[in-house]
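The lines below spell out each chain.
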Number of protein chains: 2
Amino acid sequence: MASSTQVEQNSALPASVVEKLKSALGAKHVLTERDELLVYESDALTLHKRIPSAVVIPGSGEEVAAAVRILAAEGIPFLPRGAGTGISGGALSTGGAVIIEMARLNRILKIDYENRLAVVEPGVINIHLSQATSVEGFHYAPDPSSQMACTIGGNVAENSGGPHCLKYGMTVNHILAVEVVLPSGELITLGGGGTDVPGYDLLGVFVGSEGTFGIVTKATLKLTRIAQGVKTLLAEFMTVTDASRTVSEIIAGGILAAALEMIDNATIRAIEDSVFAGGFPTDVAALLIIEVDGLSAGLEETAERAASICLSNNARAVRVAKDEEERMRLWGARKRAFGAMGRIKADLMVQDAVVPRSRLPEILDEIYQIAGRYNLNIANVFHAGDGNLHPNISFDGRDPDQVRRVEAASKEILQLCVNAGGSITGEHGVGLDKIEAMRLIFSENDLNRMLAVRDVFNPSGLCNPGKVIPTTKTCRYCGFGMEDFRHKRLTTHGMHRD
Amino acid sequence: MASSTQVEQNSALPASVVEKLKSALGAKHVLTERDELLVYESDALTLHKRIPSAVVIPGSGEEVAAAVRILAAEGIPFLPRGAGTGISGGALSTGGAVIIEMARLNRILKIDYENRLAVVEPGVINIHLSQATSVEGFHYAPDPSSQMACTIGGNVAENSGGPHCLKYGMTVNHILAVEVVLPSGELITLGGGGTDVPGYDLLGVFVGSEGTFGIVTKATLKLTRIAQGVKTLLAEFMTVTDASRTVSEIIAGGILAAALEMIDNATIRAIEDSVFAGGFPTDVAALLIIEVDGLSAGLEETAERAASICLSNNARAVRVAKDEEERMRLWGARKRAFGAMGRIKADLMVQDAVVPRSRLPEILDEIYQIAGRYNLNIANVFHAGDGNLHPNISFDGRDPDQVRRVEAASKEILQLCVNAGGSITGEHGVGLDKIEAMRLIFSENDLNRMLAVRDVFNPSGLCNPGKVIPTTKTCRYCGFGMEDFRHKRLTTHGMHRD
């Protein structure tokens, strides 16, 4: 985790470049005033703040390509940004990078029910596609907690998950093709309309590349039938260990839950203190939200089996949402948990790690112990079925001591998960925030192989520099890191060779 | 499709290299006699025959790495081979490549029910993993028709599908990690034990790379719960169009079938004339096998809905397999269709293409017309639910005129599918056979990007040369193609620069 609470003021863009951008996109779609740029200083992880040198707002894929070509010709770095709901500092400007804001590319271009696909622009908000197709009984399955705001382009960049990815898979399982502007300005298509595309799966490796391979300007997505029936259970536990065991037993019992979420006491209290109150009991150690869906016929029986597993693991009570309204209230409260926690203190660190499901109880114990040692409020709300943890730390970013403790505790939590055979991120990405943590799981050779794959798409290094892969070697001529875009620019221009 | 029915005799391996291999693997695990090598002249697509210069049979991942290092040091190409059930000429030796036969790496190393995974060696036969885990109620979901013989390593290389991939996904959706010997001899791990791994998804791009990135020596696979209940329907149709429409309507009707297979009259007759007879009626134009699985409770109702869709599309009869024995007989007959067709004439070309599901009826019509024009027997048996066609052409490879007609008809079928917005392969891979067809869907730039990604793993080009990506440019110094391993060897050794 890179320490960077301080605001970094980037150098201004040359006037000639600003003029070229304005003539390509229209003057009002090129922002360079400090007060306009401040809006873009961070994503939803406020620990890192960087002000971009400019923000451009193209209105079409061609305009994205035009902006990229103008910037690339000058060796100026850039990055795409959707709704800014990311929580790994992935959509931040580093080193004067220009932000390419995708908000105007927000059209649903095509819906094809027979072949079960939709073609959308990257600025389309995740839930809008489900809303547009629900009348015909379809939805777009990946449902991040931020789905009311986050965009499809950002989902592709982060390979976003969500509560229902336990059953339905991550974003990568729902993307058929993307149109991409490469950092060279070339417009390419990856993937196709079918179930499989010959040759190497460049679409697969593009999804989740966090904006470092190129900029999505169009995406073809799978549409999924809305399940005929759904049952949502809320189970109350007096210990976190009982709740964790229940998760393992439900899965071992062969119940393919559509979602299996755990909410701990600290999170419950934050939610119930907020405007998003879900009517959750505040005196329990943990709640499980268990959702099963599918054909109506078998659902009742499945829900009963899940409930009896809860009860045999000491659940104090299990209730079933009695109608769609109650179900939506439960999910609404769950999905706004991060927002609710944001009210406790000025800043929130939403951690994201993965552990083998079987080790959930002991790892959770240790996370609470780490919180105690650093005197921090840690609230856990997470996709328990996937072993995907989200310990959330509320803090005040203006207090350097708190920031130091948050960073140290986060680092310990990640190391703990890695030691347990897990990973440093489940679904939120590496971005700027976890770039150094990559070394906890990858060797120098592994990282260099990843950089080499990035070079296939982004050889100049101009697209979203300083993210995902830590820089290691330093060039003996220019002093920049070997994969730093400034070093690359110098070698590309023949100014020195390494 | 490359024309290469003639047997290509490769030059012998230098005696010093044979000695080194024998001392590393044991003399009996290094085959160099012509009669031993003849066994390896083709995979299940007998149209292409190439005799390797040698076959080595390592007994461990370390021995694979040792063999690769010996060969790489001499600039001798090599490729891995599983059971040889592939049907795109992917596991053939080109240009004197040594075959590394994985049959001895056939151990299931670990089964972990709690975290739902297994660790296996690449030579493990697909169905053996399901057999080993069925007692606990689990299986390995991807089920190619060749699952009685094909190996996990081959499945990873080809990203294999199968009838049940309609619901459960391809191999790539069931692989958590692989251990790989790179062409340099380096042993690396891609992926992890969890649902997501940070950084770029190198595992995802490795799966389906057809043995051109490196050699799998260990794989971590997901285990899937066997569904509580299953119903298998057999529906009889008097026209192929009625059967195709039924497929579209079943899917449009929201029935998530576990499998949805079509078998046409020519295939039925081949099966019923063989030892694998399934009791199929031979007077119908097409059969659909429709399987639904899941919780027992809702199944009856779903099966009835599927049956009524069949009947409303003019099905003559629909019957439900009355017990597991009848169900296994149906699937046994379906999965052995390729074997049954092999008895009609000496050789069989199993084609593999994808079209948007909505265009199945018209495309099938045109395929039968192509067959008529070239005076060929084309039998269709395929994964209709995926739009994944397998037109099969029986022919006699000793008759040059028949071979020419098979090649011309195959080319027309692929072009037809591409024109309909489909693709040149659904699940069988590109291999040697479809290397030229790659140009039907990819531009020069697309292909170069794929080559660049391959170079990250296989920069020497020594691992499975001449597969997947067509060579385009010729080196002006050595006259070899720019991605030919011989050209690469010369530049790597500094003998010339391009």
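Each chain carries its own residue numbering, running from 1 in the direction its sequence is written. Ligands are numbered from 1 and chains lettered from A, in the order in which they are written. Given that this is a predicted model, residues contribute local features only at a pLDDT of at least 70 and side-chain atom pairs are listed and counted only at 80 or more, while totals for whole chains, interfaces and linings are drawn from all residues. Hydrogen atoms and water are omitted, and side-chain values are computed over all heavy atoms in the structure.

Q: Could you clarify how one ought to interpret the overall build of chain A in this entry?
A: Each helix corresponds to a stretch of at least 4 residues labelled H or I by DSSP, and each strand to a stretch of at least 2 residues labelled E; elements are numbered beginning at the N terminus. On a plain count of helices and strands, chain A comes out with 16 helices and 22 strands. Only C-alpha atoms enter the radius of gyration; for comparison, a globular chain is expected to reach 2.2 Å times N to the power 0.38, where N is the number of residues. Taken over the C-alpha trace, chain A has a radius of gyration of 23 Å; the compact-globule value for 498 residues is 23 Å, and the two agree within 12%. For chain A, the C-alpha atoms occupy an extent of roughly 70 × 55 × 40 Å along the three principal directions. Burial classes: relative accessible area under 20% of the type maximum marks a residue as buried, over 50% as exposed, and values in between as partly exposed (1.4 Å probe, protein chains only). Out of the 498 residues belonging to chain A, those deemed buried represent 62%. Partitioning the contacts of chain A with sequence separation of at least 6, the portion at a separation of at least 24 is 71%. For accessible areas, the Shrake-Rupley method is used with a probe of radius 1.4 Å. Any residue's cover is judged against the shown protein chains and nothing else. Taken as a whole, chain A presents about 17,700 Å² of accessible surface, with 51% of it coming from carbon and sulfur. Between two residues, a contact is recorded if the distance between any of their heavy atoms is within 4.5 Å.

Q: Help me understand the interface of chain A and chain B in this model?
A: Listed by partner, the interface residues are 60 residues for chain A and 61 residues for chain B. Between chain A and chain B lies a buried interface of about 4,700 Å² when both sides are counted; carbon and sulfur atoms form 57% of it. When a carboxyl oxygen of Asp or Glu lies within 4 Å of a side-chain nitrogen of Lys or Arg, that pair is called a salt bridge. If you look at where chain A meets chain B, you find two salt bridges. Between A:Glu186 and B:Arg449 there is a salt bridge, with its nearest N and O atoms 3.6 Å apart. Whenever a nitrogen or oxygen atom comes within 3.5 Å of another N or O atom, the pair is scored as a polar contact, on the condition that within protein one atom can donate a hydrogen and the other can accept it, and that pairs from neighbouring residues in sequence are kept only if both atoms are in side chains. Put simply, chain A and chain B have 16 residue pairs in polar contact (both at pLDDT 80 or more) between them. Where the side of chain A that touches chain B is concerned, the elements lending two or more residues are helix 7 (202–206), helix 8 (240–252), helix 10 (296–312) and helix 15 (444–457) of chain A. Looking at the side of chain A that touches chain B, the element that brings in the most residues is helix 15 of chain A, giving eight residues. Class assignment of the residues belonging to the side of chain A that touches chain B gives a composition of 27 nonpolar, 20 polar and 13 charged. Buried area counts how much accessible surface, traced with a 1.4 Å probe, disappears from two parts once they are put together, with both parts' losses summed. The classification used treats Ala, Val, Leu, Ile, Met, Phe, Trp, Tyr, Cys and Pro as nonpolar, Asp, Glu, Lys and Arg as charged, and all other residues, Gly among them, as polar.

Q: For this particular structure, what's the right way to read the domain arrangement of chain A?
A: Quite often, the size of an interface is put as the accessible area lost when its parts meet. Residue and element names in this part refer to chain A. The assigned domain composition of chain A is domain 1 (1–104 + 437–498), domain 2 (108–225), domain 3 (229–339) and domain 4 (346–434). Taken residue by residue, the interface counts 16 residues in domain 3 and 19 residues in domain 4. Of the roughly 1,400 Å² buried at the junction of domain 3 and domain 4 (both faces included), carbon and sulfur atoms supply 64%. Together, Met262, Asp264 and Phe338 form the three largest contributors to the area buried by domain 3 at its contact with domain 4, with a combined 36%. Where domain 3 packs against domain 4, one counts zero salt bridges. Linking domain 3 with domain 4 are seven residue pairs in polar contact (both at pLDDT 80 or more), by the criterion used here. Counting residues per element, the ones that place at least two in the side of domain 3 that touches domain 4 are helix 8, strand 15 (259–264), helix 9 (265–272) and helix 12 (337–341). Examining the composition of the side of domain 3 that touches domain 4, we find that six residues originate from one element, helix 8, more than from any other. Partitioning the side of domain 3 that touches domain 4 into residue classes produces nine nonpolar, four polar and three charged. Each domain's extent is set by a domain assignment, obtained either automatically or from a database.

Q: Just to check I follow, could you spell out the relation of the copies chain A and chain B for this structure?
A: Comparison of the two chain copies shows a relationship of rotation about an axis with a shift along it. When the copies are superposed, the least-squares fit draws on C-alpha atoms of residues that have pLDDT of at least 70 in both. Expressed as a screw transformation, the operator carrying chain A onto chain B has a rotation angle of 180° and an axial translation of 0.0 Å, and the superposed copies differ by an RMSD of 0.0 Å. The superposition of one copy onto the other is thereby described by a two-fold rotation axis. The position closest to the rotation axis in chain A is occupied by the C-alpha of A:Gly298, lying 2.4 Å away. Counting the interface residues of chain A, we find that 100% of their copies in chain B are interface residues as well, pointing to one common contact surface.

Q: In this structure, what is going on with unusual backbone geometry? I would like to understand it.
A: Both trends apply: most residues other than glycine have a negative phi, and most peptide bonds are in trans. In this model, B:Asn159 sits at a positive phi of 45°, which is unusual for a non-glycine residue. Classification of B:Asn159 by relative accessible area gives buried; the value is 10%.

Q: For this particular structure, what's the right way to read the packing of helix 1 (residues 15–25) of chain A against helix 3 (residues 61–73) of chain A?
A: When two helices pack together, their arrangement is given by the angle between the helix axes and by the axis-to-axis distance. Residues and elements named next belong to chain A. Note on definitions: angles span 0 to 180 degrees between N-to-C directions of axes, and those axes are lines fitted to C-alpha atoms, for helices only across the stretch in contact. As a packed pair, helix 1 and helix 3 sit with axes 10 Å apart at the nearest point and diverge in direction by 165°. In terms of orientation, helix 1 and helix 3 fall into the roughly antiparallel class. Crossing hand, helix 1 versus helix 3: right-handed. Residue-level contacts link Val17, Lys20, Leu21, Ala24 and Leu25 of helix 1 to Glu63, Ala66, Ala67, Ile70 and Leu71 of helix 3. Across the contact of helix 1 with helix 3, the residue classes tally to eight nonpolar, no polar and two charged. For this classification, under 35 degrees means roughly parallel, over 145 means roughly antiparallel, 65 to 115 means roughly perpendicular, and everything else is oblique. For any helix crossing, the convention is left-handed if the near helix is rotated counterclockwise from the far helix by under a right angle, and right-handed if that rotation is clockwise.

Q: Whenever I open this one, the pattern of salt bridges confuses me. Can you help?
A: Side-chain pairs of opposite charge can arise whenever the charged atoms involved come near each other. All chains considered together, the criterion is met by 46 salt bridges over all chains. A salt bridge links A:Glu326 to A:Lys322; its shortest N-O distance comes to 3.7 Å. Judged by relative accessible area, which is 69%, A:Lys322 ranks as exposed. The residue B:Arg373 makes a salt bridge to B:Glu412 at a minimum N-O spacing of 2.7 Å. Highlighted residues: B:Arg373 in helix 13 (residues 360–373) and B:Glu412 in helix 14 (residues 400–419), separated in sequence by 39 residues.

Q: Which parts of the structure should I look at to understand the nonpolar core?
A: Nonpolar side chains in soluble globular proteins tend to end up buried together. Judged by nonpolar contacts, the single largest core of 227 residues is most densely connected at A:Val178, A:Met262, B:Val178 and B:Met262. Sequence-distant contacts of A:Val178, that is, excluding residues within four places in its chain, are made with A:Val156, A:Ile188, A:Thr189, A:Leu190, A:Leu203, A:Phe206, A:Val216, A:Lys218 and A:Ala219. Buried Ala, Val, Leu, Ile, Met, Phe, Trp, Tyr and Cys residues form a nonpolar core when they are joined through side-chain atoms within 4.5 Å.

Q: Looking at this model, I keep getting lost on the environment of A:Ser134. Mind explaining?
A: Residues and elements named next belong to chain A. Looking at where Ser134 falls in the secondary structure, it is placed in the loop between helix 4 (126–133) and strand 9 (138–139). Judged by relative accessible area, which is 38%, Ser134 ranks as partly exposed. It is 7.7 Å that separates the C-alpha atoms of Ser134 and Ile226, two residues lying 92 residues apart in sequence.

Q: Where do I start with the packing of aromatic side chains in this structure?
A: Note on aromatic pairs: each is described by the distance of the centres and the angle between the planes. Pairing of aromatic rings covers Phe, Tyr and Trp, the last counted by its six-membered ring, and requires centre-to-centre distances within 6.5 Å; plane angles under 30 degrees mean stacked, over 60 mean edge-to-face, and any other angle means tilted. This model, assessed by the stated rule, comprises 10 aromatic pairs over all chains. Judged by centre distance (4.5 Å) and plane angle (50°), the rings of A:Phe213 and B:Tyr200 are tilted. In this pair, A:Phe213 sits in the loop between helix 7 and strand 12 (215–222) while B:Tyr200 sits in the loop between strand 11 (187–191) and helix 7 (202–206), so the two residues belong to two different chains. An identical accessibility class is assigned to A:Phe213 and B:Tyr200; each is buried. Cluster of aromatic residues (ring-pair linked, three or more members): A:Tyr200, B:Phe206, B:Phe213 and B:Phe457.

Q: I keep staring at the sheet that holds strand 2 (residues 30–31) of chain B and nothing clicks. Help me out?
A: Two strands in a sheet stick together by hydrogen bonds in their backbones, pointing the same way (parallel) or opposite ways (antiparallel). Two strands are said to pair when DSSP picks up at least two bridges between them. Pairing is mixed across the open sheet formed by four strands, whose spatial order is 2-4-6-5 (chain B). Taken across any chain shown, the strands that pair with only one partner, and hence form the sheet edges, are strand 2 and strand 5 (78–81) of chain B.

Q: Can you walk me through helix 13 of chain B in this structure?
A: Counting along an α-helix, one turn takes 3.6 residues, and residues three or four places apart therefore face a common direction. Residue and element names in this part refer to chain B. Taking 1.5 Å of rise per residue, the 14 residues of helix 13 would be expected to cover 20 Å, and the 20 Å separating its terminal C-alpha atoms lies within 8% of that figure. Among the residues of helix 13, Leu360, Pro361, Ile363, Leu364, Ile367, Ile370 and Ala371 are the ones counted as buried. The inward-facing, buried residues of helix 13 contact helix 8 (240–252), strand 15 (259–264), strand 20 (377–383), strand 21 (388–389), strand 22 (391–395) and helix 14. Immediately downstream of helix 13, the backbone of Asn375 shows phi near 55°, a positive value. In a helix, the anticipated span is given by 1.5 Å times the number of residues less one.

Q: For this particular structure, what's the right way to read the sheet that holds strand 11 of chain B?
A: Residue and element names in this part refer to chain B. Spatial ordering of the open sheet is given by 7-8-12-10-11, a layout of five strands whose pairing is antiparallel. Each edge of the open sheet carries a strand with a single partner, namely strand 7 (108–112) and strand 11. Sheet twist, expressed as the mean angle between neighbouring strand axes with direction ignored, is 15°. Pairing of strand 7 with strand 8 (residues 117–120), which is carried by four bridges, proceeds in the antiparallel orientation. Paired with Lys110 across the bridge in strand 8 is Val119.

Q: Teacher, can you tell me more about the state of the cysteines here?
A: Defined simply, a disulfide is a covalent bond joining two cysteines at their sulfur atoms. The disulfide definition used here is simple: a pair of cysteine sulfur atoms within 2.5 Å. Scanning the model with the defined rule gives zero disulfides over all chains in all. No disulfide involves B:Cys165; its nearest neighbouring cysteine sulfur is the one of B:Cys150, lying 11 Å away.

Q: Would you take a moment to explain the side chain of A:His48 for this structure?
A: Mapped onto the elements, A:His48 comes out in the loop between helix 2 (34–37) and strand 3 (50–51). Reaching out from A:His48, the side chain makes a polar contact with the side chain of A:Asp433 at a distance of 2.7 Å.

Q: Help me understand the packing of helix 13 of chain B against helix 14 of chain B in this model?
A: All names here are of chain B. Between helix 13 and helix 14, the least distance of the axes is 10 Å, while the angle of their chain directions is 160°. It follows from the interaxial angle that helix 13 and helix 14 lie roughly antiparallel. The chirality of how helix 13 crosses helix 14 is right-handed. Across from Ile363, Glu366, Ile367, Ile370 and Arg373 in helix 13, the residues of helix 14 making contact are Ala409, Glu412, Ile413, Leu416 and Cys417. Classifying every residue of the contact of helix 13 with helix 14 gives seven nonpolar, no polar and three charged.

Q: Would you take a moment to explain the environment of B:Val381 for this structure?
A: All names here are of chain B. Mapped onto the elements of the fold, Val381 is located in strand 20. Given the relative accessible area of 0%, Val381 is considered buried. Spatially, the C-alpha atoms of Val381 and Tyr368 are 13 Å apart, while their sequence positions differ by 13 residues.

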